Amino acid sequence: MNVPHTHQILHDALARGPDAPLLVALSGGLDSTVLLHALAQQPATRARGLRAVHVEHGLHADAGAWTAHCVAFCASLGVPIVQVVVSVERNGGEGLEAAARKARYAAFESVLMPGETLVTAHHRDDQAETFLLRALRGSGPDGLAAMRPLRSFATGKHWRPLLDIPRDVLHAYAQTNALDWLEDPSNADTHHDRNVLRARIMPLLRERWPHADAAFLRSAQLSADAVELLEPEDARALALSRTADPHALSVQALQALDSTRRSRVLRRWIDELALPPLPREGIAHIESDLLHARIDASATFAWRDAVIHRWRDLLHAQRQRTPLDIDWQASWDGRQPLQLPNGDTLALVGAEALPSPVEVSARRGGERITLPGRTHSHSLKHVVQTLGIPPWERTQLPLLAESAGGPLIAVADLAYSAHFDAWLREHNARLQWVRAA
């Protein structure tokens, strides 16, 4: 391949980027090595701010050597590098590839500075593979749009400048500039779908259709164009279905939409909440089991670590949370925040300590509380219903009593007994129930 032409292709692609400081994701492989080297040759890019980030997943024995290689490469270019070590959840039910990607992008988000742009080295071959994988999963236009060149990410942007460039161009650039790169041993593992496509399927397609990659790229671009046309009406329909709580949508408003638009609205909602994408069967379950459930029913659809609840006229979406064990209880004086078994925290704000230690426990049934302005006690069941606390949250409420089994003085930070409310007001204090992320 013509050397000046190769350099010009990369120069032109990188010249179309955002006018912002850049953070390059550097794995040590061919693609990211070429990307960082090419960016480092541009004085204007350096002047705006250029640095690299390397994420060590610890998934193979040479992970430490990979980190050292990246550090040395950045030193040779005079580019600062930040190193992040992550722990990959191997048994999360989403597969090792997806879990590693999730951990990696969480690491990128943690080090990205406000206004900075994350840059990754995905190229045309990667885009073709992504398009095919999503087609094989039965994706619609949103999925077939594959990877976008520029999107919002954390406090900045995520830029993929090489999506139009074949890997052969990157390889030629690396050889011309005598660059050293590492080969990830996991790329040979055919347990991963992408590796099967890369090693077996794509070579056959290119043999029969030499322009297969370009065709897939064009289809992805056309899908992205279609999504761009659909998005304004999707946004409008979602806005009309919203409530004051971003995690809740009106069932009545959703039912007023046609099924195709409703499907798009639900997926957009879940995406905006940063929950795992709805699986293929998710929309069908929501349609049959939640949207048409009786108003007094408590129907749910759960996937991975997320769940959608139907309650009254609302759909509620959130991460699945662990209820408090019915047998759990703890003594607490309020001096330090109390860590609950499910990761939540209970704290006293505005006072050094409670008037006397209290017993904190989970809901067991039969509890009663005398509310401010009342002369008689009410059952906890009546109180949570009046407050509109959804059924699935009631099992997570920390309850405070002056003695084990005695009348309640507080239902988390949502309701106080008359005398405890008076004490809090006198001391300008309050309880604070912070739920685990």
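Look a little higher up for the structure.
Residues numbered from 1 in each chain as written. Predicted model: local features only at pLDDT ≥ 70, side-chain atom pairs only at ≥ 80, totals over all residues. Heavy atoms only, no water.

Enquirer: Can you walk me through the overall build of the protein in this structure?
Expert: Within the protein one finds 16 helices and 20 strands. In terms of overall dimensions, the protein has a C-alpha envelope of 90 × 50 × 40 Å along the principal axes. Across the 437 residues of the protein, 45% fall into the buried class. Considering only residue pairs separated by 6 or more positions, the protein has 65% of its internal contacts joining residues 24 or more positions apart. Taking the 46 positively charged and 50 negatively charged side chains of the protein as two groups, their mean positions are separated by 4 Å. (Helix = DSSP H or I, 4+ residues; strand = E, 2+ residues; numbered from the N terminus. Buried < 20%, exposed > 50% of the residue type's maximum accessible area, 1.4 Å probe, protein only. Contact = heavy atoms within 4.5 Å. Lys, Arg positive; Asp, Glu negative; His and termini not counted. Charge placed at Lys NZ, Arg CZ, Asp CG, Glu CD.)

Enquirer: Explanation requested: the packing of helix α6 (residues 124-136) against helix α9 (residues 193-208) in the structure shown.
Expert: Helix packing geometry: the angle between the two helix axes and the distance between the axes. As a packed pair, α6 and α9 sit with axes 10 Å apart at the nearest point and diverge in direction by 105°. Relative to α9, the element α6 lies roughly perpendicular. For the pair formed by α6 and α9, the contact residues are D125, D126, A128, E129, T130, L132 and L133 on the first element and D193, R194, L197, R198, M202, L205 and R206 on the second. A per-class count over the contact of α6 with α9 returns six nonpolar, one polar and seven charged. (Axes fitted to C-alpha atoms, helices over the stretch in contact; angles between N-to-C directions. Parallel < 35°, antiparallel > 145°, perpendicular 65-115°, else oblique. Nonpolar A, V, L, I, M, F, W, Y, C, P; charged D, E, K, R; others polar.)

Enquirer: In this structure, what is going on with the sheet that holds strand β2 (residues 50-56)? I would like to understand it.
Expert: In sheet architecture, strand pairing relies on hydrogen bonds along the backbone and comes in two forms, parallel and antiparallel. As summarised here, the arrangement of the six strands in space is β3-β2-β1-β4-β6-β5, forming an open sheet in which the pairing is mixed. Each edge of the open sheet is held by one strand with a lone partner, namely β3 (81-85) and β5 (150-153). The mean angle between the axes of side-by-side strands here comes to 25°, regardless of whether they run parallel or antiparallel. Sheet topology places β2 next to β3; five bridges connect them, and they run parallel. Within β3, the residue paired with E56 across the bridge is V85. Across the face of the sheet, helix α2 (residues 30-40) comes into contact with β1 (22-25), β2 and β4 (117-119) while running at roughly 155° to β1. (Pairing = 2+ DSSP bridges.)

Enquirer: Looking at this structure, how should I read the sheet that holds strand β20 (residues 430-434)?
Expert: Taken together, three strands build an open sheet; the order of strands is β12-β13-β20 and the sheet is antiparallel. Looking at strand neighbours, the two that pair on one side only are β12 (338-339) and β20, the edges of this open sheet. For strand β13 (residues 345-349) and β20, the ladder comprises five bridges, and the chain directions are antiparallel. Paired with A347 across the strands is Q432, a residue of β20.

Enquirer: Is there a simple way to explain the side chain of S361 in this structure?
Expert: With respect to the element layout, S361 can be found in strand β14 (residues 358-361). Overall, the relative accessible area of 16% leaves S361 in the buried class. Here S361 is in contact with W328, Q329, L397, P398 and L399, once residues within four sequence places are set aside.

Enquirer: Got a minute to help me understand helix α14 (residues 380-387) in this structure?
Expert: Quick reminder: α-helices carry 3.6 residues per turn. Residues three or four places apart thus point the same way. Within α14, burial applies to L380, V383 and V384. Viewed end-on, α14 has its buried residues packed into an arc of 90°, placing them on one side of the element. Facing away from the buried side of α14 by more than 90 degrees, the exposed set consists of K381 and T386. Buried residues in α14 make contact with β15 (368-369), β16 (378-379), α15 (391-394), β17 (399-401), β18 (408-411) and β19 (415-416). Just downstream of α14 lies G388, where phi reads positive at about 75°. (Arc of directions from axis to C-beta.)

Enquirer: Hey, could you run me through the layout of surface pockets in this one?
Expert: Once rolled over the atoms, a probe with the size of a water molecule shows which space is left empty. By volume, the second largest pocket is sized at about 390 Å³. Around the second largest pocket, the lining is made up of 18 residues, and of these Q318, R319, R321, R435 and A436 lie nearest the centre. Contributions of two or more residues to the lining of the second largest pocket are made by β10 (314-319) and α15. With four residues, β10 is the largest single contributor of residues to the lining of the second largest pocket. Residues that form the lining of the second largest pocket fall into these classes: five nonpolar, seven polar and six charged. (1 Å grid on protein atoms, 1.4 Å probe; cavity = no way out; pocket = protein on both sides within 12 Å on 5 of 7 lines; lining within 4 Å. Points joined across faces, edges and corners; volume = space filled by probe spheres on them.)

Enquirer: Just checking my understanding: could you explain the environment of S263 for this structure?
Expert: By the secondary structure assignment, S263 is in helix α12 (residues 259-272). It is 27 Å that separates the C-alpha atoms of S263 and E393, two residues lying 130 residues apart in sequence.

Enquirer: In this structure, what is going on with the pairing of strand β8 (residues 300-303)? I would like to understand it.
Expert: Regular strands show a simple pattern: their side chains alternate between the two faces of the sheet. Side-chain alternation along β8 places F301 and W303 on a buried face and T300 and A302 on a face that remains uncovered. Alignment of β8 against strand β9 (residues 306-311), held across four bridges, turns out to be antiparallel. The residue of β9 that forms the bridge with A302 is V307. Between β8 and β9, which pair antiparallel and follow one another directly, the connecting turn spans two residues, one of which, R304, has a positive phi of 45°.

Enquirer: What's the story with the nonpolar core in this structure? I'm lost.
Expert: It is characteristic of soluble globular proteins that their nonpolar side chains tend to be buried jointly. W332, L348, L400 and F420 are the most contacted members of the largest nonpolar core, which totals 36 residues. Among all residues touching L400, those that are not within four sequence positions of it are W332, L346, V358, E359, V360, L408, I409, A410 and L431. Grouped together as the second largest cluster of nonpolar side chains are 30 residues, A13, L22, L39 and V169 included. (Core = buried A, V, L, I, M, F, W, Y, C linked by side-chain atoms within 4.5 Å.)

Everything listed is a geometric property; what it means functionally is a separate question.
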